[in-house]
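Structural features, examined
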Amino acid sequence: QALALRRRLGGEDGTGTFMELGLRHELADWQWSAEILRISADPLIVLTSAYATLGRRVGDWTPYIAYGRVRDSQGVLPAPAWQATLTPVIGPAGAAQSQLLGSAVTASLNASRFQQSSWSVGARWDFHPQAALKLQWDRVRINNSGSGLWTGADGVPSHASIATAVVDFIF
């Protein structure tokens, strides 16, 4: 278990790659876009993310829908069970400390996993040639052990609703 945890933490000659492919198309009043991305900083992070949007321009407004998801390829690490094995070797206090450290590191790695998807609806209002207002509502579904994007999350499946209003401008 300790060796598997050490490998997952890396610290040796790690590599990182970032690959992304995106497409956007506009045909008359219809527009769509899609993007897929793969991040690998093995052994800590290996994830794939993708989204797609579809919208239709109606005057100064563009209502749209979107779907996105992110999946972590790293598995959930099992909780270590070291204390009983280490007690005869390093004593009860050392074994308890080792168990506590192993459990904390494992919990931290598991809490940083990304497993979620979301549906979004929104509208963009181009109220000025150099400015737009965007209103959006997202419904996010967090899978088991996939709350890495959420502060204070405990890793159990859950969901969230998010409303945003943003003004974009060019100056």
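Residues numbered from 1 in each chain as written. Predicted model: local features only at pLDDT ≥ 70, side-chain atom pairs only at ≥ 80, totals over all residues. Heavy atoms only, no water.

Some details on the side chain of Thr106
- By the element assignment, Thr106 lies in helix α2 (residues 83–111).
- Within the structure, the side chain of Thr106 is placed 2.8 Å from the backbone oxygen of Gly102, a separation counted as a polar contact. (Helix = DSSP H or I, 4+ residues; strand = E, 2+ residues; numbered from the N terminus. Polar contact = N/O pair within 3.5 Å; in protein donor to acceptor, adjacent residues only side chain to side chain.)

Topic: the packing of helix α1 (residues 2–9) against α2
- One can describe the packing of α1 onto α2 by two numbers: an axis separation of 11 Å at closest approach and a directional angle of 45 degrees. Relative to α2, α1 is oriented oblique. By crossing handedness, the relation of α1 to α2 is classed as left-handed. In this structure, α1 contributes Leu5, Arg8 and Leu9 to the contact, and α2 contributes Gly102, Val105, Thr106 and Leu109.
- When grouped by side-chain class, the residues that make up the contact of α1 with α2 number four nonpolar, two polar and one charged. (Axes fitted to C-alpha atoms, helices over the stretch in contact; angles between N-to-C directions. Parallel < 35°, antiparallel > 145°, perpendicular 65-115°, else oblique. Left-handed = near helix turned anticlockwise from the far one by under 90°. Contact = heavy atoms within 4.5 Å. Nonpolar A, V, L, I, M, F, W, Y, C, P; charged D, E, K, R; others polar.)

Some points on the packing of aromatic side chains
- The full count for this structure, using the stated rule, is four aromatic pairs.
- Taking the centre distance of 5.3 Å and the plane angle of 50 degrees together, the rings of Trp125 and Phe127 count as tilted.
- Residue class for Phe127 comes out partly exposed when judged on its relative accessible area of 40%.
- Taking the centre distance of 5.6 Å and the plane angle of 40 degrees together, the rings of Phe169 and Phe171 count as tilted. Neither Phe169 nor Phe171 differs from the other in exposure class; each is exposed.
- Through pairs of rings, three or more aromatic residues link up here, namely Trp61, Trp125 and Phe127. (Phe/Tyr/Trp six-rings, centres within 6.5 Å; stacked < 30°, edge-to-face > 60°. Buried < 20%, exposed > 50% of the residue type's maximum accessible area, 1.4 Å probe, protein only.)

Topic: the environment of Phe169
- When you line up the elements, Phe169 lands in strand β7 (residues 158–169).
- As for Phe169 and Asp126, which are separated by 43 residues in sequence, their C-alpha atoms are 9.9 Å apart.
- Non-local contacts of Phe169, meaning those with residues more than four positions away in its chain, are made with Gln130 and Ala131.

Brief notes about the pairing of strand β5 (residues 114–128)
- Where strand β4 (residues 61–72) meets β5, 11 bridges bridge the pair, whose relative direction is antiparallel. Residue Val70 lies in a different strand from β5, and its bridge partner there is Gln116.
- Bridge count between β5 and strand β6 (residues 131–147): 12 bridges; the pairing is antiparallel. Across the sheet, residue Ser120 finds its bridge partner in β6, namely Asp138.
- Remark: two residues form the turn of the hairpin made by β5 and β6, two consecutive strands paired antiparallel. (Pairing = 2+ DSSP bridges.)

Examining the pattern of salt bridges
- Using the criterion set out here, one finds four salt bridges in the structure.
- The partner of Asp126 in a salt bridge is Arg57, and the shortest N-O contact between them spans 2.7 Å. Separated by 69 residues along the polypeptide, Asp126 in strand β5 and Arg57 in the loop between β3 (45–56) and β4 bring together distant segments of the chain.
- The class of Asp126 is buried, set by a relative accessible area of 16%.
- Overall, the relative accessible area of 31% leaves Arg57 in the partly exposed class.
- The partner of Asp126 in a salt bridge is Arg124, and the shortest N-O contact between them spans 2.8 Å. (Salt bridge = Lys/Arg side-chain N within 4 Å of Asp/Glu carboxyl O.)

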